[in-house]
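The lines below spell out each chain.
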Amino acid sequence: MTLAETLEKLSNACGVTGREEEVRNLMKKFLKPYVDEVKEDKLGNVIGIKQGMKNAPKVMLAAHMDEIGLLIKTISKEGFLRFAKMGGIDDRILLAQKVIVCTERGILHGIIGSKPPHIQKEEERKKVITYDDLFIDIGARNLEEAKKMGVKIGNPIGFDIKFVKVGRNIVIGKAFDDRVGCAVMVEAMKRLKKTDCTVYAVGTIQEEVGLRGATTAAFGIYPDIGIALDVTIAGDVPGVKEAEAPIKMRKGPSIEVADAGLITHPKVLSLLIDVAEKNKIPYQLETGLPGATDAARISLTREGVPCGVISVPTRYIHSPASMLCLDDAENTVKLVVAVIQEIPKRF
Ligand code: CO
Ligand code: ZN
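Note that this is a predicted model, so its numbers are computed, not measured. Throughout, a residue's number is its position along its own chain's written sequence, starting from 1. As a convention, the first chain written is A and the first ligand written is 1, with the rest following in written order. Reporting of local features is limited, given that this is a predicted model, to residues whose pLDDT is at least 70; pairs of side-chain atoms are given and counted only at 80 or more, and all residues count toward the totals for whole chains, interfaces and linings. Water and hydrogen atoms play no part in the side-chain values, which are based on all heavy atoms of the structure.

A. Representation of the domain arrangement of the protein in the model. We note that the domain assignment places domain 1 (3-67 + 174-346) and domain 2 (70-159) within the protein. One C-alpha centre belongs to domain 1, the other to domain 2; they are set 32 Å apart. The partner domain 2 presents 12 residues to the 10 residues of domain 1 that form the contact. Note on definitions: salt bridges are taken to be side-chain nitrogens of Lys or Arg within 4 Å of carboxyl oxygens of Asp or Glu. Summed over the shared surface of domain 1 and domain 2, the result is 0 salt bridges. Here a polar contact is recorded for every N or O atom pair within 3.5 Å, except that within protein the pair must consist of a potential hydrogen donor and a potential acceptor, and residues adjacent in sequence are included only if both atoms are side-chain atoms. In this assembly, domain 1 and domain 2 are joined by 1 residue pair in polar contact (both at pLDDT 80 or more). Classifying every residue of the side of domain 1 that touches domain 2 gives 4 nonpolar, 3 polar and 3 charged. As used throughout, domain bounds are those supplied by an automatic or database domain assignment. The contact definition used throughout considers only heavy atoms, calling two residues in contact when any of these lie within 4.5 Å. Each residue receives one of three labels: charged for Asp, Glu, Lys and Arg, nonpolar for Ala, Val, Leu, Ile, Met, Phe, Trp, Tyr, Cys and Pro, and polar for the others, Gly being one of them.

B. Broad picture of the packing of helix H2 (residues 21-31) against helix H5 (residues 176-191). Between N-to-C directions, angles span 0 to 180 degrees; the directions come from axes that are lines fitted to C-alpha atoms, helices contributing only their stretch in contact. Helix and strand labels come from DSSP, where a helix needs a run of H or I of at least four residues and a strand needs a run of E of at least two; each type is numbered from the N terminus. Interhelical geometry of H2 versus H5 gives an angle of 15 degrees and a closest axis separation of 10 Å. The pairing of H2 with H5 is recorded here as roughly parallel in orientation. The way H2 lies across H5 gives a crossing that is right-handed. Mapping the contact onto sequence places Val23, Met27, Phe30 and Leu31 in H2 and Arg179, Cys182, Met185, Val186 and Met189 in H5. For the contact of H2 with H5, a count of residues per class yields 8 nonpolar, no polar and 1 charged. To sort the angles, those under 35 degrees are grouped as roughly parallel, those over 145 as roughly antiparallel, those from 65 to 115 as roughly perpendicular, and the leftovers as oblique. It is the rotation of the near helix from the far one that decides the hand of a crossing: anticlockwise by less than a right angle makes it left-handed, clockwise makes it right-handed.

C. Just the coordination of the cobalt ion (ligand 1), in detail. Note that water is not among the atoms used; donors are N, O and S atoms within 2.8 Å of the metal (3.2 Å for Na, K and Ca), so sites may look incomplete. Taken together, Asp177 (OD), Glu208 (OE), Glu208 (OE) and His318 (NE2) make up the protein donors of the cobalt ion (ligand 1), found 1.9 to 2.6 Å from the metal. One can describe the site at the cobalt ion (ligand 1) as irregular: its 4 donor atoms subtend angles covering 54 to 150 degrees at the metal. If you list the donors of the cobalt ion (ligand 1) from N- to C-terminus, the spacing comes out as D-x30-E-x109-H. In this structure, the cobalt ion (ligand 1) lies 3.3 Å from the zinc ion (ligand 2), and both are coordinated by Asp177. Taken together, the positions of Glu208 in the loop between strand S12 (198-204) and helix H6 (212-221) and His318 in the loop between strand S16 (307-315) and strand S17 (322-325) put the pair 110 residues apart, joining distant regions of the chain. Owing to a relative accessible area of 27%, His318 belongs among the partly exposed residues under this scheme. In short, tetrahedral needs four donors with all angles between 85 and 135 degrees, square planar needs four and octahedral six donors with opposite donors over 155 degrees apart and all other angles between 65 and 115, and whatever is left is irregular. Buried residues are those whose accessible area, probed at 1.4 Å on protein chains only, stays under 20% of the maximum for their type, while exposed residues exceed 50% and partly exposed ones sit between those limits.

D. How the structure looks around the nonpolar core. Definition of nonpolar core: a set of buried residues of the types Ala, Val, Leu, Ile, Met, Phe, Trp, Tyr and Cys, connected through side-chain atoms within 4.5 Å. Membership of the largest hydrophobic core comes to 58 residues, with the highest contact counts inside it found for Leu7, Met27, Leu61 and Leu229. With 10 residues, helix H9 (residues 326-346) is the largest single contributor of residues to this core. Excluding residues within four positions of it along the chain, Leu7 makes contact with Phe163, Val171, Phe176, Arg179, Val180, Ala183, Leu324 and Leu326. Leu70, Leu81, Ala140 and Ala146 belong to the second largest nonpolar core, which has 21 residues in total.

E. View of H2. For H2, the complete set of buried residues consists of Val23, Arg24, Leu26, Met27, Phe30 and Leu31. One face of H2 carries all of its buried residues, which in axial projection span an arc of 165 degrees. In this structure, the buried side of H2 is in contact with helix H1 (3-12), strand S1 (37-40), strand S2 (46-50), H5 and S12. The arc under discussion is defined with respect to the helix axis, by the directions toward the C-beta atoms.

F. Expanded view of the pairing of strand S7 (residues 106-113). Relative to S7, strand S6 (residues 98-103) is paired through 6 bridges, and the arrangement is antiparallel. Each bridged residue has a counterpart across the sheet, and for Lys98 the counterpart in S7 is Ile111. Taking the residues between adjacent antiparallel strands as the criterion, S6 and S7 are bridged by 2 residues. Two strands pair when backbone bridges link them, and S7 and strand S8 (residues 135-137) are joined in this way by 3 bridges, in the antiparallel orientation. In the sheet register, Ile111 faces S8, and the bridge partner there is Asp137. Note on pairing: DSSP must find at least two bridges between two strands before they are called paired.

G. Geometry of H5. Relative to the 22 Å expected for 16 residues at 1.5 Å per residue, H5 spans 21 Å between its end C-alpha atoms, a close match to the ideal helical length. Judged by how many residues are buried, H5 sits mostly within the fold: 14 of 16 residues are covered. A helix is expected to span 1.5 Å for every residue after the first.

H. Here's a closer look at the coordination of the zinc ion (ligand 2). At 1.9 to 2.8 Å from the zinc ion (ligand 2) lie its protein donor atoms, namely His64 (NE2), Asp177 (OD), Asp230 (OD) and Asp230 (OD). The coordination sphere of the zinc ion (ligand 2) comprises 4 donor atoms, whose angles at the metal cover 50 to 145 degrees; the geometry is irregular.

Structural data, given as structure tokens:
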């Protein structure tokens, strides 16, 4: 499978935070041919291990398998679903979205509805409708029918978006945050023929609600170096100022210098930059992002782990559909592979 095909499969899978089964199964399958062992830990992180020589430095790669989404909170007697939000979701993007409800009996389709604009009062129309005033319509007649269709309190709900190719090497899809990190990790393990490091390729859970899976996975592995593979905001769109979001799509992976959760360890930062320079891989440097990645937690494991973040510039993250350039993902793979080869010389 190519990088794009792996991304397509992962993007189309549903993995609302805390309910990552579908993505986890794909990750196990995709990693298996390229590692010595695939494990699932007690919380549900997937860990692919590629053994290096004895006493080799341990590298932990982390890409989160979960995505932002919704959970059924209540089912009304008329058969409409109210929901809770999982992860950072702007209420303004919810209205009129098509969604899929994942039940034990399979997928149901639905739409997020609200009172039609025609009958809204002037002042109502100006206000953002918050998520607790919205509902999901699955076409059920009433509570009984909804139950018969399989819905239960707590069912995860994802956005109904299918992966599609648009411009030259540009793709649109669901949950590129962080399925592109997962796809990059799989592809990097595939291309990594022999390494003197022992590599732990970890698909983490529950990143979007507080970097939870990475916390326990890193405790178990206690690596010598950690690298999170994630997305960052591509700000090269109308209405965004350079100083607000300087990272651009098509300009290569972003190497993070600092974000709200991590100041990249100087040894890791120089490793990433030197390797990119030496291999002529385009890259961008980024600071001051308000969010955090799995690397924030990995770095605080036990006595501490030097960490860094490599991100794929992605437009419209934390919305139903996002966009990225496959060349950026490809260059991220190249950087990750080259960095792993260089680690034994420096750690
Ligand atoms: Co995210
Ligand atoms: Zn992410």
